[in-house]
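Examination of the molecular architecture
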Amino acid sequence: MVSTFVNVVRKEHPLVLWKGLLPSIIRIVPGVGIYFSSLTLISNELSALSPSPVKSLMMAAIARFVACVAIQPCSVLKTRFESGQFGYTGVLQAVKIMTRYEGAKSLYSGIGATIARDVPFSSLYFMFYTMMKQSVLFDYPSLPVSAAHFSSGIISGIMASLLTHPPDVIKTRIQTQPRQYRNSVHTILQIIETESPRTFFRGMLPRLIRRTLMAALSWTVYEKLSARVGL
C-alpha cells in the first residue's frame, strides 16, 4: 500500500488520490442515509432495541439490500472514475457515454457482486457491533459511551471486512473490465483459471482501513444523534 501511494504521488499528482471524490460523496452520503433510515424503521417495527444475533443479521441485510439497489449507479461511476481507464471528465458525461454505448444496464453492472459484498458485510457488521457494544458497555462501565461505540465499530469492521473482501474484488473486476468479465460466476472462474486464489484478497488492507474507519465513525455519529433525538 505504501509503495502504491509513493508511485501515484511521484508519477502522477497528489490530487489523483482524490479522483472520483464527487461520485464517492454522491454514493456514500445518500447510501448511509438510506441504510440507517431503513434500519431504524425496521428496528422500530420489530421493537428491537437489543436484537438477537439472528435478528441483527436479518435487519441489516434488508436495510443494506435497499440501499445497494438505490445507489448502485453511483457506485459504478465511483469505481470507473477511480480506475482511470475511461477518461471521464464529469459525472454527467460519464452517464451519457455509458448509457449510449453500453446501455442503461451498465449503471447496474456488478449489482450481484455488490449485493454479495455489502449485504453480508452489513449483516455481519451489525451483528458483531451489537454484541461487542453490549459487551464493552457491560465490562467497562466507566468508558465514555462514544469510545465504546467507536471501539466496537473498529473491531466489528475488521472482522466483517476479512470475511467479505473476495466479493469486492469480483465487483471491481466486473465494473472496470465489463468486456472481459460478464458476471460474478464467470469472474470467479476466470480468476481461478488465469491467476490465483490469492487474487481474491488483493488490496484487502486499504479496503479494511477505509471500510472499518468509515463504519465505526458512521455508527458512532448515528448512536450519538439517535440518543439526542430519541430514536
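Bear in mind that the values here come from a model prediction, so they are computed numbers and not experimental data.

What follows concerns the overall build of the protein. On a plain count of helices and strands, the protein comes out with eight helices and zero strands. Every one of the 231 residues in the protein was classed for burial, and the buried ones make up 41%. The contacts in the protein between residues at least 6 apart in sequence include a share of 73% that link residues at least 24 apart. Just so you have it, the protein exposes about 13000 Å², and 68% of that area is on carbon and sulfur atoms.

What follows covers the environment of Pro-51. Mapping Pro-51 onto the fold places it in the loop between helix 2 (21-46) and helix 3 (53-83). Using a relative accessible area of 9% as the deciding quantity, one classes Pro-51 as buried. As for Pro-51 and Met-131, which are separated by 80 residues in sequence, their C-alpha atoms are 9.3 Å apart. Each residue touching Pro-51, except ones within four places of it in the same chain, is listed here: Ser-56, Met-59, Phe-126 and Thr-130.

Packing of helix 5 (residues 111-139) against helix 6 (residues 145-176) brings their axes to within 7 Å, and their N-to-C directions diverge by 170°. It follows that helix 5 is roughly antiparallel to helix 6 by the angle criterion. Considering only residue class, the contact of helix 5 with helix 6 consists of 19 nonpolar, ten polar and four charged.

The next subject is the confidence of the model for the protein. Taken over all residues, the pLDDT of the protein has a mean of 85, while the share at 70 or more is 89%. Put simply, helix 1 (residues 2-11) is where the protein has its lowest mean pLDDT, 62, and helix 7 (residues 184-194) is where it has its highest, 92.

The residue Thr-187 is located in helix 7 in this model. Through-space distance from the C-alpha of Thr-187 to that of Val-169 is 9.6 Å; in sequence the pair is 18 residues apart. Not counting residues within four places of it along the chain, the set of residues in contact with Thr-187 comprises Ile-170, Arg-173, Ile-174 and Tyr-181.

A surface patch of nonpolar side chains, about 410 Å² in accessible area, is lined by Ile-62, Phe-65, Val-66, Val-69 and Tyr-108. Its place among the elements puts Val-69 in helix 3.

All chains considered together, the criterion is met by eight aromatic pairs. Ring centres of Tyr-129 and Trp-219 lie 4.9 Å apart, and the angle between their planes is 35°; this geometry places the pair in the tilted category. Of this pair, Tyr-129 sits in helix 5 while Trp-219 sits in helix 8 (residues 204-229); the two residues are 90 residues apart in sequence, bridging distant segments of the chain. Taking the relative accessible area as the measure of exposure, Trp-219 reaches 5% and is therefore buried.

As a further point, take the pattern of salt bridges. On inspection of all chains with the given rule, the structure shows eight salt bridges. Here Arg-211 and Asp-118 are joined by a salt bridge, their closest N and O atoms 3.4 Å apart. Of the two residues, Arg-211 sits in helix 8 while Asp-118 sits in helix 5, which places them 93 residues apart along the sequence. Comparing Arg-211 with Asp-118 shows no difference in burial state: the two are buried. Linked through salt bridges whose partners overlap, the residues forming this network are Arg-117, Asp-118, Asp-168, Arg-207 and Arg-211.

Along the chain, Thr-114 falls in helix 5. By relative accessible area, Thr-114 is classed as buried at 2%. With near-sequence residues (within four places) excluded, Thr-114 lies in contact with Cys-68, Gln-72, Val-119, Lys-171 and Gln-175.

Basis of the calculations
Residues numbered from 1 in each chain as written. Predicted model: local features only at pLDDT ≥ 70, side-chain atom pairs only at ≥ 80, totals over all residues. Heavy atoms only, no water. Helix = DSSP H or I, 4+ residues; strand = E, 2+ residues; numbered from the N terminus. Buried < 20%, exposed > 50% of the residue type's maximum accessible area, 1.4 Å probe, protein only. Contact = heavy atoms within 4.5 Å. Areas by Shrake-Rupley, 256 points an atom, 1.4 Å probe, with all protein chains shown as cover. Axes fitted to C-alpha atoms, helices over the stretch in contact; angles between N-to-C directions. Parallel < 35°, antiparallel > 145°, perpendicular 65-115°, else oblique. Nonpolar A, V, L, I, M, F, W, Y, C, P; charged D, E, K, R; others polar. pLDDT = per-residue confidence, 0-100. Patch = residues over 30% accessible without salt bridge, like charges linked within 9 Å, V, L, I, M, F, W, Y side chains within 5 Å. Salt bridge = Lys/Arg side-chain N within 4 Å of Asp/Glu carboxyl O. Phe/Tyr/Trp six-rings, centres within 6.5 Å; stacked < 30°, edge-to-face > 60°.

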